[in-house]
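# Tertiary structure, described
For reference, the chains in residue letters:
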Amino acid sequence: MITLNQVRKNPQVEEFIKQSANSLTFEGYTDHGLSHLDLVADRARNIAKEIGLSPREQELSAIAAFCHDMGNFLSRTNHHYFGALLFQQVFGNTFEPGDVSLIMQAIANHDKKEMKFCNKISAVVVLADKSDVRRSRVLEKKLDHIKLDIHDRVNYATTMSKLGVNKKSKVISLVLKIDTGFVPVIEYFEIFTERMVYCREAAQSLGYKFGLVINNFKLL
Ligand SMILES: [Fe+2]
Ligand SMILES: [Fe+2]
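Our subject in this report is the structure included herewith. Sequence order sets the numbering: in each chain, residues are counted from 1 along the sequence as written. Think of it this way: whatever chain is written first is A, whatever ligand is written first is 1, and the rest follow in order. Given that this is a predicted model, residues contribute local features only at a pLDDT of at least 70 and side-chain atom pairs are listed and counted only at 80 or more, while totals for whole chains, interfaces and linings are drawn from all residues.

### Brief notes about the overall build of the chain
Where we set the bar: The helix and strand labels rest on DSSP assignments: H or I over at least four residues marks a helix, E over at least two residues marks a strand, and numbering proceeds from the N terminus. The quantity called the radius of gyration is restricted to C-alpha atoms. Its globule counterpart is 2.2 Å times the number of residues to the power 0.38. Buried means a residue has 20 or more other C-beta atoms within 10 Å of its own C-beta, exposed means 12 or fewer, and partly exposed covers the counts in between; C-beta atoms are placed from the backbone. Note on contacts: residues are paired as contacts if their backbone-placed C-beta atoms lie within 7 Å.
When helices and strands are tallied, the chain shows ten helices and four strands. Computed over the C-alpha atoms, the radius of gyration of the chain is 17 Å, within 12% of the 17 Å expected from 2.2 N^0.38 for a compact globule of 220 residues. Seen along its three principal axes, the alpha-carbon backbone of the chain occupies a region of about 50 × 45 × 30 Å. Expressed as a percentage of its 220 residues, the buried residues of the chain come to 44%. In the chain, 61% of the contacts between residues at least 6 apart in sequence involve partners at least 24 apart.

Shown next as structure tokens:
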């Protein structure tokens, strides 16, 4: 079975990721490059393991998570479709057909209206991706500049972000520390309510509740 390590070293994947990160940085987005992808892949593997998926499903979750944003250099709006198709083009002859389909589905399902959780790997990738909010996602900008954009402000204000799985109480929780001297918490919800709803739906499809704790307040 192919592993995340092999996918990560594939020169074509490296190039897709580099070009996607460049084009989104150019458009002023927060980080969608290797640090986002490595974090999402780690979180996906960890969630998959904690909820008891098989070692193969853990590896497939990490691979889908690592590749989920690599279609951005072709189109931001349709990056989830492009990413899925690119994956098939690069690995269609390397992976088992069933594994390729599962990963394609998870990549295509991770964004917007396409989001559905017909397999567990899709739900795991959504939880790992939509929970990535942190200061280091704001790419080398001056403070004055950061203050102008709400995504930059909220990410910059998030000084701690952890995603945990409690198997006993069946809760997947996102725990954040937000510097309210920099942004009021309401700004988090202004841009991330939809993401939190996606996380809740993803967790529910896995038989879990989704919890959100900000500055020690349990909000969900
Ligand atoms: Fe994405
Ligand atoms: Fe992403």
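### As for the pairing of strand S3 (residues 209-214)
Along any regular strand the residues' side chains alternate between the sheet's two faces. Stated precisely, the cut-off is as follows: Paired strands, as defined in this entry, are two strands with at least two bridges between them according to DSSP. A clockwise course of the path from the first strand over the helix to the second, judged with the strands pointing away from the viewer, identifies a crossover as right-handed.
In the sheet, strand S2 (residues 171-178) pairs with S3 via six bridges, with the strands oriented parallel. Paired with Val171 across the strands is Lys209, a residue of S3. Each parallel crossover has a hand, and for S2 linked through helix H10 (residues 185-205) to S3 it is right-handed. Pairing of S3 with strand S4 (residues 217-218), which is carried by two bridges, proceeds in the antiparallel orientation. Bridging from a neighbouring strand, Val213 pairs with Lys218 of S4. Once S3 ends, the chain turns through two residues before running back antiparallel as S4, passing Asn215 with a positive phi of about 50 degrees.

### Here's the deal with helix H6 (residues 97-108)
Applied cut-off: In this analysis, the expected span of each helix is defined as 1.5 Å times one less than the number of residues it contains.
The end-to-end C-alpha distance of H6, which contains twelve residues, comes to 16 Å, matching closely the 16 Å that a straight helix rising 1.5 Å per residue would cover. The buried count for H6 comes to nine of twelve residues, which makes it a mostly enclosed element. Within the sequence span of H6, burial applies to Asp99, Val100, Leu102, Ile103, Met104, Gln105, Ala106, Ile107 and Ala108. For H6, the elements touching its buried residues are helix H4 (55-67), helix H5 (79-91) and helix H7 (120-130).

### Some remarks on the nonpolar core
Selection rule: We define the nonpolar core as any set of buried residues of the types Ala, Val, Leu, Ile, Met, Phe, Trp, Tyr and Cys, connected via C-beta atoms lying within 7 Å of each other.
Residues Ala44, Ala64, Ile103 and Leu127 are the most contacted members of the largest nonpolar core, which totals 64 residues. Setting aside residues no more than four positions away along its own chain, Ile103 makes contact with Leu60, Ile63, Ala64 and Phe87.

### Let's talk about the packing of H4 against H7
Spelled out, the test is: Helix axes are fitted only over the stretch in contact, all axes being lines through C-alpha atoms; the angle between N-to-C directions runs from 0 to 180 degrees. For classification, angles of less than 35 degrees are called roughly parallel, those exceeding 145 degrees roughly antiparallel, those between 65 and 115 degrees roughly perpendicular, and all remaining angles oblique. Here a crossing is taken to be left-handed if its near helix is turned anticlockwise relative to the far helix by less than a right angle, and right-handed if that turn runs clockwise.
Relative to each other, H4 and H7 sit at 50 degrees, their axes nearing to 9 Å. Taken together, the axes of H4 and H7 lie oblique to each other. For H4 against H7, the interelement crossing comes out right-handed. Two secondary-structure elements touch here, H4 through Glu57, Leu60, Ser61, Ala64 and Ala65 and H7 through Lys120, Ile121, Val124, Val125, Ala128 and Asp129.

### Focus on the sheet that holds S4
Strand order in this open sheet of four strands is S1-S2-S3-S4, and the pairing throughout is mixed. Strands with a single pairing partner mark the edges of an open sheet, and in this sheet they are strand S1 (158-166) and S4. Note: S1 against S2, eight bridges, orientation antiparallel. Residue Met160 lies in a different strand from S2, and its bridge partner there is Lys177. Strand contacts of H10: S2 and S3, with the helix running at about 160 degrees to S3, the strand carrying the most contacts.

### Looking at unusual backbone geometry
It is generally the case that most residues other than glycine have a negative phi and that most peptide bonds are trans. The phi angle at Asn215 is positive, at roughly 50 degrees, despite the residue not being glycine. You can see Asn215 is positioned in the loop between S3 and S4. Within the chain, Asn216 stands out as a residue other than glycine whose phi angle is a positive 70 degrees. Assignment of secondary structure puts Asn216 in the loop between S3 and S4.

### A closer look at the environment of Ile2
Its location among the elements puts Ile2 in the segment before helix H1 (4-8). Exposure remark for Ile2: the 16 C-beta atoms within 10 Å place this residue in the partly exposed category. Residues Ile2 and Phe91, 89 residues apart in the sequence, show an inter-C-alpha distance of 9.7 Å. Ignoring any residue separated from it by four or fewer positions in sequence, one finds Ile2 in contact with Val7, Thr94 and Phe95.

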